[in-house]
Amino acid sequence: MKVATLKNGETDGALVCLSHDLKQMWPAGPRTFQALLDGSQAAQPDAYGPFNEAVCHSPLPRAYQFLDGSAYVNHVELVRKARGAEMPQSFWTDPLMYQGGSDGFLAPTEPIIGDPDWGIDFEGEIAVITGPVRMGATREEALEAIRFVMLCNDVSLRNLIPGELAKGFGFVQSKPACAFSPVAVTPDALPGWKDGKLHGILRIDLNGAPFGRVDAGVDMTFDFGQLIAHAAKTRHLAAGTIIGSGTVSNRLDGGPGKTIADGGAGYACIAEQRMVETILDGTPRTPFMQPGDRVQIWMEDAEGQNIFGTIDQTVKAIS
């Protein structure tokens, strides 16, 4: 099943079901995505219409909870290496995770508004939406609770992060509203879904040029079953909880990776390219996003068909 939420003037939008090729849609039955997650049954198609992802919200325009992990430990290792810090060995066995804002997400084509001095960056991620998860759930139970998969742009304000982390109390200002792909897909409709990971090339273009072609199923240290079980260790998770993978990050021949122009897979965020530049050359060269810059994030199947629609966002200066 593939679903999307259309803008209709209401906060939670209108849920629709989609054809596999994302060209046709029909009323889903449940009025909202949350109603579907809470147990309402999807309707059989009876009236088709053309689908236009430009009028979509993120599938859940708001959610009970958004927890973002850091499943690609290569990314974390690069962050610490770039600033000359050792990474604790526990990071390979105990996932990092923070609780992001979830009271409102950006639509997939909504501008990213911010001050260029904040260090505006995108982060290409995979995310899942869960059904209810009991406190203390096992990895296997957690995997069974995954209802839908989608893509995420976890917007980060890099220049605000060091000051917030120095307080020892986590992200707030440095993690504004993020965006998700127009379409959410059930795992059984994803050929690349295996053992709690989505295998496939996550594609990121910056200003129309290839920036990342990273494989989401490679170098993922913690699968989504492990991430969900980690989140549920001390709490129940409500149906409609979103769990993010963190920035997709690939290694290359045991090293930190290369840009696409240099024959590598590129990167899923600007910060990682800057980290590699710092490690290799002593200083970063690639700037963070400026007003007018455009990022596009999508994934294709083996036939070249867009699976989730495209996150397509442009930066606007805060007024």
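Keep in mind that this is a model prediction, so the values were computed, not measured.

For the overall build of the protein chain, give the residues involved together with the corresponding values.
Scanning the protein chain from terminus to terminus reveals 6 helices and 20 strands. What you see for the protein chain is a C-alpha radius of gyration of 19 Å, in line with the 20 Å of a compact globule of 319 residues. Each principal axis of the C-alpha atoms in the protein chain carries an extent, and together these give about 60 × 45 × 40 Å. When the 319 residues of the protein chain are sorted by exposure, 54% land in the buried category. Taking as baseline every contact in the protein chain between residues at least 6 positions apart, the subset at least 24 positions apart corresponds to 70%. For the protein chain, the exposed area adds up to about 13900 Å²; of that, 51% sits on carbon and sulfur atoms. Taken as two groups, the 26 positive and 38 negative side-chain charges of the protein chain have centres that lie 3 Å from each other.

I'd like to hear about the pairing of strand β5 (residues 65-69), residue by residue, with values.
Look at any regular strand and the pattern is simple: side chains alternate between the two faces of the sheet. The buried count for β5 comes to 5 of 5 residues, which makes it a mostly enclosed element. With 4 bridges joining them, β5 and strand β18 (residues 241-244) adopt parallel strand pairing. In the sheet register, Asp68 faces β18, and the bridge partner there is Gly244. Both β5 and strand β6 (residues 97-100) contribute to a ladder of 4 bridges, which runs antiparallel. Residue Gly69 lies in a different strand from β6, and its bridge partner there is Met97.

How would you summarise the layout of surface pockets if you had to cite specific residues and measurements?
In this structure, the largest pocket spans a volume of roughly 980 Å³. Forming the walls of the largest pocket are 31 residues, and the residues nearest its centre are Val79, Arg158, Ile161, Leu165 and Phe171. The set of elements that each furnish at least two residues to the lining of the largest pocket consists of β5, α2 (73-82), β6, α4 (161-166) and α6 (270-281). A per-element tally of the lining of the largest pocket places α2 first, with 5 residues.

Got a sec to walk through the environment of Phe308? Specific residues and values, please.
Position of Phe308 relative to the elements: it lies in the loop between β19 (294-299) and β20 (311-317). Here the alpha-carbon distance between Phe308 and Lys2, two residues 306 residues apart in the chain, equals 8.4 Å. Those residues in contact with Phe308 that lie beyond four places of it in its chain are Leu22, Val149, Met150, Leu151, Ser181, Pro182, Val183, Val185, Leu190, Leu198 and Met299.

Give a detailed account of α6, specifying residues and quantitative values.
Taking 1.5 Å per residue, 12 residues should reach 16 Å; α6 reaches 16 Å between its end C-alpha atoms and fits that length. A positive backbone phi angle near 90 degrees is found at Gly282, which sits one or two residues after α6.

Please give an account of the pattern of salt bridges that cites residues and values.
Close approach of charged atoms allows side chains with opposite charge to pair. For the coordinates displayed, the defined rule picks out 15 salt bridges. Note that Glu123 and Lys175 form a salt bridge whose closest N and O atoms lie 2.9 Å from each other. Taken together, the residues Glu123 in the loop between β8 (120-121) and β9 (124-130) and Lys175 in the loop between α4 and β12 (179-180) connect sequence positions 52 residues apart. It is possible to trace a salt-bridge network through shared partners that takes in Asp121, Glu123, Asp154, Arg158 and Lys175.

Can you break down the sheet that holds β20 residue by residue, with the values?
One open sheet holds the 5 strands; their spatial order is β7-β20-β19-β16-β17, and the pairing between them is mixed. Of all the strands in the sheet, the pair left with one neighbour each is β7 (112-114) and β17 (209-215). Ignoring which end each strand starts from, the neighbouring axes of this sheet average 20 degrees apart.

Give me the packing of aromatic side chains: which residues, what numbers.
The full count for this structure, using the stated rule, is 8 aromatic pairs. For the pair Phe66 and Phe180, a centre-to-centre distance of 5.7 Å together with 85 degrees between the ring planes defines the contact as edge-to-face. Remark: Phe180 occurs in strand β12 and Phe66 occurs in strand β5; sequence separation between them is 114 residues. Both residues of the pair, Phe66 and Phe180, belong to the buried class. Here the aromatic cluster, defined as three or more aromatic residues joined through ring pairs, consists of Phe66, Phe105 and Phe180.

Just give me the short version of helix α5 (residues 224-231), but keep the residues and values in it.
In terms of residue burial, α5 counts as a mostly covered element, since 6 of its 8 residues are buried. Among the residues of α5, Phe224, Gly225, Leu227, Ile228, Ala229 and Ala231 are the ones counted as buried.

Which residues make up the pairing of strand β10 (residues 146-153), and what values go with them?
Burial within β10 is extensive, with 7 of its 8 residues counted as buried. Looking at chain direction, β9 and β10 are connected through 7 bridges and run antiparallel. If you follow Gly124 over to β10, its bridge partner there is Asn153. As judged from the 2 bridges shared by β10 and β12, these two strands associate in the antiparallel manner. By the bridge assignment for β12, Asn153 is matched with Ala179.

What counts, and where the lines are drawn
- Residues numbered from 1 in each chain as written.
- Predicted model: local features only at pLDDT ≥ 70, side-chain atom pairs only at ≥ 80, totals over all residues.
- Heavy atoms only, no water.
- Helix = DSSP H or I, 4+ residues; strand = E, 2+ residues; numbered from the N terminus.
- Rg over C-alpha atoms; globule rule 2.2 N^0.38 Å.
- Buried < 20%, exposed > 50% of the residue type's maximum accessible area, 1.4 Å probe, protein only.
- Contact = heavy atoms within 4.5 Å.
- Areas by Shrake-Rupley, 256 points an atom, 1.4 Å probe, with all protein chains shown as cover.
- Lys, Arg positive; Asp, Glu negative; His and termini not counted.
- Charge placed at Lys NZ, Arg CZ, Asp CG, Glu CD.
- Pairing = 2+ DSSP bridges.
- 1 Å grid on protein atoms, 1.4 Å probe; cavity = no way out; pocket = protein on both sides within 12 Å on 5 of 7 lines; lining within 4 Å.
- Points joined across faces, edges and corners; volume = space filled by probe spheres on them.
- Expected span 1.5 Å × (residues − 1).
- Salt bridge = Lys/Arg side-chain N within 4 Å of Asp/Glu carboxyl O.
- Axes fitted to C-alpha atoms, helices over the stretch in contact; angles between N-to-C directions.
- Phe/Tyr/Trp six-rings, centres within 6.5 Å; stacked < 30°, edge-to-face > 60°.

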